There are 2 protein chains.
Amino acid sequence: MRYDIGLDVGGTNLSAGVVDEEGRVISHAALPAGAGRSIDEITADMAKVSLMAVENAGLTLRDMASWGIGMPSYVNPRTGLLVHANCFGWRNVPIYRYLEPLIALPIYIENDANCAVLGETVAGAAKDFQNVVMLTLGTGVGGGIILNGRIYSGADGLGAELGHTKLFFRGRKCTCGQMGCIDGYCSARGLKETAKEMLTDGTLLWDLCHHDIRKLEAQMVTEAVQLGDQTAVEIWDLYLSQLAAAIGNFIAIFRPEAVILGGGVAKASDLLLNPLRKKVQESTFAAQEIGIPEMRLAQAGNDAGIIGAAVLEKYGIDRREK
Amino acid sequence: MRYDIGLDVGGTNLSAGVVDEEGRVISHAALPAGAGRSIDEITADMAKVSLMAVENAGLTLRDMASWGIGMPSYVNPRTGLLVHANCFGWRNVPIYRYLEPLIALPIYIENDANCAVLGETVAGAAKDFQNVVMLTLGTGVGGGIILNGRIYSGADGLGAELGHTKLFFRGRKCTCGQMGCIDGYCSARGLKETAKEMLTDGTLLWDLCHHDIRKLEAQMVTEAVQLGDQTAVEIWDLYLSQLAAAIGNFIAIFRPEAVILGGGVAKASDLLLNPLRKKVQESTFAAQEIGIPEMRLAQAGNDAGIIGAAVLEKYGIDRREK
């Protein structure tokens, strides 16, 4: 049996696991990310938590084939540098030089959204498919693409930034500095923003946030929908229409076999998937003639990132400096 | 020397050429498309014009390696049928069965926008590149993508419909039935529409269309810009901003080495390329950190479609029924 280490690096936690060749996570370990510390300290803990996962599996480093790492960033294959990791304030970090002395295994580093879609494709909701688009509807919108079973990330490995494509010409200012990105509307933050724009007093949603718009949270919208609040129904309907238009764009371009939705907003599964399918059917080019892909919720949860990282040697992009 | 026949089928003309292995068109022939006639009659002329090109080259069918055809449609690889060719009113036509008895060569059929980008990549503006996005700014917006030197058209061969991705949520009604497609804004038709919305009397542009808004044409905008008309400058600036946002989306997804612009609007080359580069730099995700691709005007002109069709055997997608 082959084993690989998968490490999911987030702004809050470092989550590691040992993954077997069937894509099962056979052990877990976690440490706080400790953002704000030096690169030396954080990378040391990245190694430490990975070794903890190996120990928890009752195995040793010699049993491991590779060390795969998902990070909220990209390694530029031209330079071998991690372009930016906003959660740590890193810019152009020679990440391999920090990591290589710590664990003597082949190291693969990939964007975390790409790891998530790869994990879902290897062992989750998209297990039967070779061509998959995944959107993670969290604080922001993460996007990942699998083409022919492998991560696709643009010709230079720095693309497939689905969340930062624009659907709203001169729309809301986005965290990325652009305007009208999908991220600013289809994320939990975007839903909250839309709700703030549409909220009126005297509604259930207004009660849920205790008559203080600053206390409004995205999940209150779906709560209020379930309680039958008409304003919330309208907000949610608009949100679904926006998300459907975004998904329709990616279908028109990639024609994947499956579209997978993850992240916090996707937890509203009963309210999400069926109405969304209908709207995607209506707002996708030539859907009547050629149909739309399968649409599913992510299944692998937090493990998707660990699994995806662990299988990077097999299905990833070579991001090492040539 | 290897030779292939390339045939570019449009709603107005059937244009054929013999293409040598260097991607040069060594002979031409053309016939009217004769839209409205039967499939039998039109396909017979498709063969006739192709044989005329062979004769004009001083060669015979035995010197030809393949027959490549670009059409404003797609063959669905699952069914082997031409999905639709609006200019002829065709739907789900078993096109190979019509063509195979006419010329005994391997036949390859591809969307015309894909042929154009392939032609530009083999022997035109994108000759040095392996990853290319091309937009044809004609009556509509055609889009084609080359990844690793080959046509990319979505997982099922029916995608990469760049012109029918949406940039304007709930924007203008598009010819495809959707709303807010790039096609409805960045095409010559879209530019005309924007000009109609912004045109006021007492302007040079108003004079150019003889004070009759129905006579307004897209090229009058760039004419009026060159004459210093302020309203036309504003219309053109908005058009460029919209086009830049569209291009920025495709860069964020594909990170190609080059973006090629063709079609009628691209003929305004002096007014187009330099201001557009600046706007693309401003409206593309992470452009400051990782740059933007080369942006060039198409070079191969009408020959791009012929060349692209002729090299389909080498660089196309297998669309034959499996």
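Cut-offs and rules
- Residues numbered from 1 in each chain as written.
- Chains lettered and ligands numbered in written order.
- Predicted model: local features only at pLDDT ≥ 70, side-chain atom pairs only at ≥ 80, totals over all residues.
- Heavy atoms only, no water.
- Helix = DSSP H or I, 4+ residues; strand = E, 2+ residues; numbered from the N terminus.
- Rg over C-alpha atoms; globule rule 2.2 N^0.38 Å.
- Buried < 20%, exposed > 50% of the residue type's maximum accessible area, 1.4 Å probe, protein only.
- Contact = heavy atoms within 4.5 Å.
- Lys, Arg positive; Asp, Glu negative; His and termini not counted.
- Charge placed at Lys NZ, Arg CZ, Asp CG, Glu CD.
- Least-squares fit on C-alpha atoms with pLDDT ≥ 70 in both.
- Buried area = accessible area lost by both parts, 1.4 Å probe.
- Salt bridge = Lys/Arg side-chain N within 4 Å of Asp/Glu carboxyl O.
- Nonpolar A, V, L, I, M, F, W, Y, C, P; charged D, E, K, R; others polar.
- Pairing = 2+ DSSP bridges.
- Phe/Tyr/Trp six-rings, centres within 6.5 Å; stacked < 30°, edge-to-face > 60°.
- Core = buried A, V, L, I, M, F, W, Y, C linked by side-chain atoms within 4.5 Å.
- Expected span 1.5 Å × (residues − 1).
- Polar contact = N/O pair within 3.5 Å; in protein donor to acceptor, adjacent residues only side chain to side chain.
- Axes fitted to C-alpha atoms, helices over the stretch in contact; angles between N-to-C directions.

Participant: Could you give an account of the overall build of chain A, with specific residues and numbers?
Facilitator: Across its full length, chain A carries 12 helices and 13 strands. The C-alpha atoms of chain A give 20 Å as radius of gyration, which agrees with the globular expectation for 322 residues (20 Å, within 12%). Overall size of chain A, expressed as C-alpha extent along the three principal axes, is 60 × 45 × 35 Å. Relative to its 322 residues, chain A shows a buried fraction of 59%. Relative to all contacts within chain A whose residues are 6 or more apart in sequence, the contacts with residues 24 or more apart total 62%. Charged side chains in chain A number 29 positive and 37 negative. The centres of these two groups are separated by 4 Å.

Participant: With reference to specific residues and values, describe the relation of the copies chain B and chain A.
Facilitator: After a rotation of 180° and a shift along the axis of 0.0 Å, chain B superposes on chain A with an RMSD of 0.1 Å. Expressed as an axis order, the relation between the two copies is that of a two-fold axis. For chain B, the residue whose C-alpha comes nearest the rotation axis is Leu167 of chain B, separated from it by 2.2 Å. When you check the interface residues of chain B against chain A, 100% turn up at the interface there too, and the contact is symmetric in its surfaces.

Participant: Help me get a handle on the interface of chain B and chain A, residues and values and all.
Facilitator: If you look at the interface, chain B gives 37 residues, while chain A gives 37 residues. Carbon and sulfur atoms make up 62% of the area that chain B and chain A hide from each other, which totals about 3,500 Å². On the chain B side of the contact with chain A, Phe169, Ile253 and Phe285 of chain B bury the most area, a combined 21% of that side's loss. Between chain B and chain A we count 2 salt bridges in total. The greatest single-element share of the side of chain B that touches chain A, amounting to 9 residues, is contributed by helix H8 (residues 230-254) of chain B. Each residue belonging to the side of chain B that touches chain A can be placed in one class, and the counts come to 19 nonpolar, 11 polar and 7 charged.

Participant: Could you give an account of the environment of Met64 of chain B, with specific residues and numbers?
Facilitator: Residues and elements named next belong to chain B. Mapped onto the fold, Met64 is located in strand E4 (residues 64-71). With 42 residues separating them along the chain, Met64 and Pro106 place their C-alpha atoms 9.8 Å apart. Excluding anything up to four places from it in sequence, Met64 contacts Tyr3, Asp4, Ile5, Val18, Val54, Leu59 and Leu105.

Participant: Kindly report on the sheet that holds strand E5 (residues 75-76) of chain A, identifying the contributing residues and their values.
Facilitator: Residues and elements named next belong to chain A. Spatially, E5-E6-E7 is the arrangement adopted by the 3 strands of the open sheet, whose pairing is antiparallel. Each end of this open sheet is capped by a strand with a single partner; those strands are E5 and strand E7 (90-93). Direction of pairing for strand E6 (residues 81-85) relative to E7: antiparallel, over a ladder of 3 bridges. Of the residues in E7, the one forming a bridge with His84 is Arg91.

Participant: Which residues make up the pairing of strand E10 (residues 141-147) of chain A, and what are the values?
Facilitator: All names here are of chain A. Within E10, 6 of the 7 residues are buried, which leaves the element mostly enclosed by the surrounding structure. In this structure, the hairpin formed by strand E9 (residues 132-137) and E10 is closed by a connection of 3 residues. The sheet contact formed by E10 and strand E11 (residues 150-152) spans 3 bridges and is antiparallel. The partner of Ile145 across the bridge, within E11, is Tyr152. The turn joining E10 and E11, which pair antiparallel and follow one another in sequence, is formed by 2 residues; a positive phi near 50° is taken by Asn148.

Participant: Any chance you could break down the pattern of salt bridges for me, citing the residues and the numbers?
Facilitator: Inspection of the entire model under this criterion finds 27 salt bridges over all chains. Salt-bridge contacts for Arg24 of chain A lead to Asp20 of chain A; the nearest nitrogen and oxygen are separated by 2.8 Å. With a shortest N-O distance of 2.8 Å, Glu313 of chain B and Arg2 of chain B are connected by a salt bridge. One end of the pair, Glu313 of chain B, is in helix H12 (residues 312-315); the other, Arg2 of chain B, is in the segment before strand E1 (3-9), and 311 residues separate them in sequence. Since its relative accessible area comes to 28%, Glu313 of chain B is described here as partly exposed. What makes Arg2 of chain B partly exposed here is its relative accessible area of 28%. Residues joined by salt bridges that share partners form a network here, namely Arg2, Asp4 and Glu313 of chain A.

Participant: Outline the environment of Tyr185 of chain B, supporting the account with residue identities and numerical values.
Facilitator: Residue and element names in this part refer to chain B. Here Tyr185 shows up in helix H4 (residues 183-186). Separated by 23 residues in the primary sequence, Tyr185 and Leu162 have C-alpha atoms spaced 13 Å apart. Excluding its chain neighbours within four sequence positions, the residues that come into contact with Tyr185 are Phe168, Gly171, Arg172, Gly180, Gly190, Leu191, Tyr239 and Gln242.

Participant: Would you mind going over the packing of aromatic side chains in detail, with residue names and values included?
Facilitator: Applying the stated criterion to the full structure yields 13 aromatic pairs over all chains. A ring pair is formed by Trp236 of chain B and Tyr239 of chain B, whose centres lie 5.2 Å apart and whose planes are at 15°; its orientation type is stacked. In this pair, Trp236 of chain B and Tyr239 of chain B are both assigned in helix H8, 3 residues apart and thus about one turn of the helix distant. Here the aromatic residues Tyr152 and Phe254 of chain A together with Tyr152 and Phe254 of chain B are joined through ring pairs into a cluster of three or more.

Participant: Run through the nonpolar core, naming residues and quoting values.
Facilitator: Judged by nonpolar contacts, the single largest core of 106 residues is most densely connected at Trp236, Phe254 and Leu261 of chain A together with Trp236, Phe254 and Leu261 of chain B. Once residues lying within four places of it in the same chain are set aside, the contact partners of Leu261 of chain A are Leu135, Leu137, Ile247, Ala266, Leu272, Leu273, Leu276, Met295, Arg296, Leu297 and Ala298 of chain A. Ranked by size, the runner-up nonpolar core spans 34 residues in total, among them Leu7, Ala16, Val18 and Ile42 of chain B.

Participant: Can you explain helix H3 (residues 112-123) of chain A? Please cite residues and give values.
Facilitator: Every α-helical turn comprises 3.6 residues, leaving residues that sit three or four positions apart pointing alike. Residues and elements named next belong to chain A. Under the 1.5 Å per step criterion, the end-to-end length of H3 is 16 Å for 12 residues, consistent within 8% with the ideal 16 Å. Extensive coverage of H3 is indicated by the burial of 9 of its 12 residues. Those residues of H3 not exposed but buried are Ala113, Asn114, Cys115, Ala116, Val117, Leu118, Gly119, Glu120 and Thr121. For H3, the capping residue at the N-terminal end is Asn111, with a side-chain oxygen 2.9 Å from the backbone nitrogen of Ala113.

Participant: Give me the lowdown on the sheet that holds strand E13 (residues 294-297) of chain B, citing residues and values where you can.
Facilitator: All names here are of chain B. Strands sit in the order E11-E10-E9-E12-E13 across an open sheet of 5 strands; the sheet is mixed. Single-partner strands in this sheet number two, and they are strand E11 (150-152) and E13. Across the sheet, the mean angle from the axis of one strand to that of its neighbour is 25°, orientation sign disregarded. Taken together, the 4 bridges between strand E12 (residues 258-262) and E13 define a ladder with parallel strand orientation. From the neighbouring strand, Leu261 faces E13, where its bridge partner is Leu297. Contacting strand E9 (132-137), strand E10 (141-147), E11, E12 and E13, H8 crosses the sheet at an angle of about 155° to E9.

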